[in-house]
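# Results of the structural survey
Here's the letter readout for the chains.
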Amino acid sequence: MDLSRFRTAIAGAPARTLLLLGAALIITGCSRPTTLQEIREEGVLHVITRLAPSIYVEGEDGPTGYDYELAKLFAEDLGVKLRIRVAEDNTEILSVLEKNYAHIGMAGLSGQPAHASQYHTVPTGITAQSVLVYNRDVEGPDSQADLAGKPLHVVAESNHEDSLTEALTEIPDLQWQVHPGLDAAGVLTRVESGEFPYAIISSNELDLNRVFYPMVKEAFAIGKPRKLAWFFPAAQDKSLATAAGEFLEKLRANGTLAQISERFYGHLDRLNYVGARTFMHHVENRLPKYESLFRDYARDFSMDWRLLAAIGYQESHWRPNAVSPTGVRGLMMLTRNTASHIGINNRLDAEESIQGGAKYFKIVHEKIPERIPEPDRTWFALASYNVGFGHLEDARRLTEGAGKDPDRWMDVKEFLPLLAQKEWYTKTRFGYARGQEPVVYVQNIRRYYDVLARLNEPGTPPAPTEKPQFVQMEEQGENDNPAQDVYPDARLRAGLPPELGMIPPTL
């Protein structure tokens with residue numbers, strides 16, 4: 001409409017008409033849409049988070065994590081796309097929210113009274129506490145009073161400072177140091193090494209990581225349990241926060257929230273150490289069902305069947321219907337992408353899974369440089385099978401940069417765990433990875449293999465015209481050792497503790 005004509009028409013209109021027109025303009029054009037309406041109009045839900053196993057992780061088969069799965073379902077319920085931005089730490093997350101540059105912040109924090117003026121919060125169904133941990137070589141405290149004068153170490157922008165501040169009323173000499181450059185994994189690593197004798201960690205992050213830090217011991221909780229929450233900018237109206245709360249309540253009521261919680265937290269008891277009796281029970285009752293398949297497909301791909309069986313046990317405890325929190329499944333726990341790449345149609349079929357596992361391991365093994373001698377080449381292949389070739393190469397580069405041998409497993413396994421720490425993975429090509437897992441993974445398989453080798457001597461030889469690609473890793477008789485020239489020194493093979501030692505499965 002021509003603006004001058006519009007003004008002329010307004011000037012000549014009756015007063016009643018002007019009132020009606022003004023009301024219509026207010027109703028139709030001047031009212032501001034709610035945050036929820038804006039999101040639906042744009043078609044995108046913007047979420048900022050940080051990398052952490054308890055929140056969000058970019059895995060080989062796509063993003064995963066407890067909070068991520070909830071956010072993905074929430075976006076689907078709203079009918080919009082989920083757009084994730086990864087922050088360096090909680091400080092960045094809170095800063096972005098304070099400026100209203102994202103709709104939701106997933107930081108693994110609980111809502112505090114101090115946050116009320118800056119953020120709306122909605123509990124996500126997880127309750128956590130601040131927990132004191134310490135190195136096993138130092139004297140363990142019996143009570144909070146024993147912490148007087150002992151410096152505690154905590155990550156920045158966490159719930160821990162609130163808990164410690166509350167404890168000051170009873171322990172005036174309580175001291176702590178905040179480390180802005182570290183995440184929970186970085187703090188645990190320093191407790192493991194003894195650099196930090198005492199530290200405070202969130203209980204849920206400790207549960208997810210404790211198996212990787214055997215020198216870290218839990219003492220007691222400090223402060224009361226707190227409900228972890230999503231954070232929403234105070235600059236928004238409460239329409240989105242209200243919708244999120246109603247949605248999460250619906251998930252709680254229909255059991256979905258408990259199912260997701262079980263998927264990420266319910267399996268943690270299986271990370272505890274298990275003894276030889278459990279393994280031997282599975283050898284007697286499960287292995288016979290699949291032994292011929294392990295033998296046949298190991299022969300097809302020129303590898304030791306006991307190594308293939310050990311991988312299968314580590315992956316699923318020889319359960320063909322196993323499913324992990326990240327969506328990998330089957331006896332050999334293949335990802336959807338891997339199965340598609342190697343031509344496997346049904347990952348839950350035991351034969352297809354074992355065939356796929358053998359084929360994929362052969363592919364992975366061939367990517368490891370030939371100059372690396374056995375058994376290290378096989379250890380590297382196992383680590384790559386678990387964490388991915390790119391992350392393994394990142395760890396090897398870190399190893400080389402520190403002046404150690406990137407072609408030696410005993411050196412590289414010291415650097416793989418660094419991929420879970422922000423101060424290191426930001427310097428790598430492929431970024432964050434749960435680098436502790438491949439270390440435990442390889443250790444377990446070596447032990448499982450050693451037992452199977454002792455129970456099944458001699459090993460299955462390769463076809464007469466082929467040279468075995470993967471080393472036989474146990475002592476054999478003079479006339480039945482096809483790998484004698486490849487691996488003559490039995491002292492290098494994986495040692496086996498008298499009772500199989502303490503074996504932490506990664507499932």
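All values reported here derive from a predicted model rather than from experimental measurement.

## Things to note about the pairing of strand E8 (residues 175-179)
Two faces, one strand: in a regular strand the side chains alternate between the faces of the sheet. With five bridges joining them, strand E7 (residues 151-155) and E8 adopt parallel strand pairing. Within E8, the position partnered with Val 155 by the bridge is His 179. The parallel pair E7 and E8, bridged by helix H6 (residues 160-167), forms a crossover whose chirality is right-handed.

## Regarding the environment of Thr 169
Within the secondary structure, Thr 169 is located in the loop between H6 and E8. Among the residues examined, Thr 169 registers a relative accessible area of 68% and is labelled exposed. Within the structure, Thr 169 has its side chain in polar contact with the backbone oxygen of Glu 166 (distance 2.9 Å).

## Some remarks on the packing of helix H12 (residues 287-300) against helix H13 (residues 305-316)
Put simply, H12 and H13 touch, their axes get as near as 8 Å, and they point 130° apart. Overall, the two elements H12 and H13 adopt an arrangement that is oblique. Of the two elements, H12 crosses H13, and the hand of that crossing is right-handed. Taking contact as the criterion, the partners of Leu 287, Glu 291, Phe 294, Arg 295 and Ala 298 in H12 are, on H13, Trp 305, Leu 308 and Ala 309.

## Quick look at unusual backbone geometry
Residues Glu 374 and Pro 375 are joined by a peptide bond in cis, for which omega reads 5°. In this structure, Pro 375 sits in the loop between helix H15 (350-367) and helix H16 (376-387). Even without glycine at this site, Met 333 takes up a positive phi of about 50°. Tracing the backbone shows Met 333 in the loop between H13 and helix H14 (336-342).

## Remarks on the confidence of the model for the chain
Averaged over all residues, the pLDDT of the chain equals 81, while 80% of them reach at least 70. The low-confidence segment residues 269-274, where pLDDT is below 50, has 20 contacts with residues more than four positions distant or belonging to other chains. Scored below 50 in pLDDT, residues 458-507 makes 117 contacts in the model with residues more than four places away or belonging to other chains.

## Description of the environment of Gly 388
In this fold, Gly 388 is placed in the loop between H16 and helix H17 (389-401). According to the relative accessible area criterion, Gly 388 is buried, its value standing at 14%. Considered as a pair, Gly 388 and Phe 430 are 42 residues apart in the sequence and their alpha carbons are 9.8 Å apart.

## Here's the deal with the nonpolar core
By size, the foremost hydrophobic cluster in this structure holds 58 residues, and its most contacted members are Phe 294, Ile 311, Trp 318, Met 332, Ile 354 and Leu 382. Per-element accounting of this core gives the leading share, nine residues, to helix H20 (residues 436-455). In this structure Met 332 touches Phe 294, Leu 308, Ile 311, Gly 312, Glu 315, Ser 353, Ile 354, Gly 357 and Tyr 385, once residues within four positions along its chain are discounted. Membership of the second largest hydrophobic core comes to 57 residues, among which are Ala 52, Val 133, Leu 188 and Val 191.

## Points about the pattern of salt bridges
Under the defined criterion, the tally for this structure stands at 20 salt bridges. Where Asp 77 meets Lys 250, a salt bridge forms, and the shortest distance between an N and an O atom there is 3.2 Å. Taken together, the residues Asp 77 in helix H4 (residues 66-78) and Lys 250 in helix H9 (residues 239-253) connect sequence positions 173 residues apart. Between Glu 92 and Arg 85 there is a salt bridge; the shortest N-O distance is 3.2 Å. Judged by relative accessible area, Glu 92 falls into the partly exposed class, the value being 24%. When its relative accessible area of 40% is taken as the criterion, Arg 85 is described as partly exposed. Beyond isolated ion pairs, a larger network of salt bridges with shared partners links Arg 371, Glu 393, Arg 396 and Asp 407.

## Section: the packing of aromatic side chains
Applying the stated rule across the entire model yields ten aromatic pairs. When the centroid spacing of 6.3 Å and the interplanar angle of 40° are considered together, the rings of Phe 74 and Trp 230 count as tilted. Residue Phe 74 is found in helix H4, and its partner Trp 230 is found in strand E10 (residues 216-233); the two are separated by 156 residues along the sequence. Across the pair, exposure class does not vary: Phe 74 and Trp 230 are buried alike. Pairing Phe 74 with Phe 247 gives two aromatic rings, centres 5.4 Å apart and planes at 35°, and the pair type is tilted. Taken together, the residues span a long stretch of sequence, with Phe 74 in helix H4 and Phe 247 in helix H9 at a distance of 173 residues. Here the two residues Phe 74 and Phe 247 agree in accessibility, since each one is buried. One aromatic cluster is present, formed by Phe 74, Trp 230 and Phe 247 through successive ring pairs. The ring of Phe 380 carries the charged tip of Arg 396 above its face, separated from the ring centre by 5.7 Å.

What counts and how
Residues numbered from 1 in each chain as written. Predicted model: local features only at pLDDT ≥ 70, side-chain atom pairs only at ≥ 80, totals over all residues. Heavy atoms only, no water. Pairing = 2+ DSSP bridges. Helix = DSSP H or I, 4+ residues; strand = E, 2+ residues; numbered from the N terminus. Right-handed = clockwise from strand over helix to strand, strands pointing away. Buried < 20%, exposed > 50% of the residue type's maximum accessible area, 1.4 Å probe, protein only. Polar contact = N/O pair within 3.5 Å; in protein donor to acceptor, adjacent residues only side chain to side chain. Axes fitted to C-alpha atoms, helices over the stretch in contact; angles between N-to-C directions. Parallel < 35°, antiparallel > 145°, perpendicular 65-115°, else oblique. Left-handed = near helix turned anticlockwise from the far one by under 90°. Contact = heavy atoms within 4.5 Å. pLDDT = per-residue confidence, 0-100. Core = buried A, V, L, I, M, F, W, Y, C linked by side-chain atoms within 4.5 Å. Salt bridge = Lys/Arg side-chain N within 4 Å of Asp/Glu carboxyl O. Phe/Tyr/Trp six-rings, centres within 6.5 Å; stacked < 30°, edge-to-face > 60°. Lys NZ or Arg CZ within 6 Å of the ring centre and 35° of its normal.

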